[in-house]
Amino acid sequence: MADQPSATLYRMVLPEHVCPFGVRAKQMLEGQGYAVDDRILGSRDEVDAFKAEHGLATTPLIVIDGEAIGGSDDLERYLVARAD
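The structure presented is a predicted model; accordingly, all values stated were derived computationally and were not measured.

1. Concerning the environment of Leu61
Position of Leu61 relative to the elements: it lies in strand β4 (residues 61-64). The spatial distance from the C-alpha of Leu61 to the C-alpha of Asp84 is 23 Å, given a sequence separation of 23 residues. Non-local contacts of Leu61, meaning those with residues more than four positions away in its chain, are made with Thr8, Leu9, Tyr10, Phe50, Leu56, Ala68 and Gly70.

Okay, here's the thing in structure tokens:
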């Protein structure tokens, strides 16, 4: 039996705002059977530092098998391509 695929999801969850794209990415991954290592960026400082460190303009960031997939739209394309 194959191991369950896994992904790491870095997403913004601030007291005043939960990023809908991070929620969408988590739902897509779980819907495809991925075990999700959900890494919450819980403050504006954490989000800004993470984006600067990784050269990103936005979050979330999804990583599968050590490969940075990108955001939720990139994840959707990745999952469609894998299904083909």
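Additional details are given in the paragraphs that follow.
2. Quick notes on unusual backbone geometry
For the bond running from Thr59 to Pro60, omega is 10°, close enough to zero to count as cis. Within the fold, Pro60 resides in the loop between α2 (44-54) and β4. Located in the positive-phi region is Asp65, a residue other than glycine, with phi close to 50°. Note that Asp65 resides in the loop between β4 and β5 (67-70).

3. Here's the deal with α2
Given 3.6 residues per turn, any residue in an α-helix points the same way as the ones three and four places further on. Buried within α2 we find Val47, Phe50 and Lys51. An end-on view of α2 places all buried positions within 95° of arc, on one side of the element. Of the residues in α2, the exposed ones pointing more than 90 degrees away from the buried face are Asp45, Ala52 and Glu53. On its buried face, α2 sits against β1 (6-14), β3 (35-41) and β4. Of the residues flanking the end of α2, it is Gly55, one or two places downstream, whose phi is positive at about 65°.

Rules behind the numbers
- Residues numbered from 1 in each chain as written.
- Predicted model: local features only at pLDDT ≥ 70, side-chain atom pairs only at ≥ 80, totals over all residues.
- Heavy atoms only, no water.
- Helix = DSSP H or I, 4+ residues; strand = E, 2+ residues; numbered from the N terminus.
- Contact = heavy atoms within 4.5 Å.
- Buried < 20%, exposed > 50% of the residue type's maximum accessible area, 1.4 Å probe, protein only.
- Arc of directions from axis to C-beta.

Remember, this is a structural readout, not a statement about activity or role.
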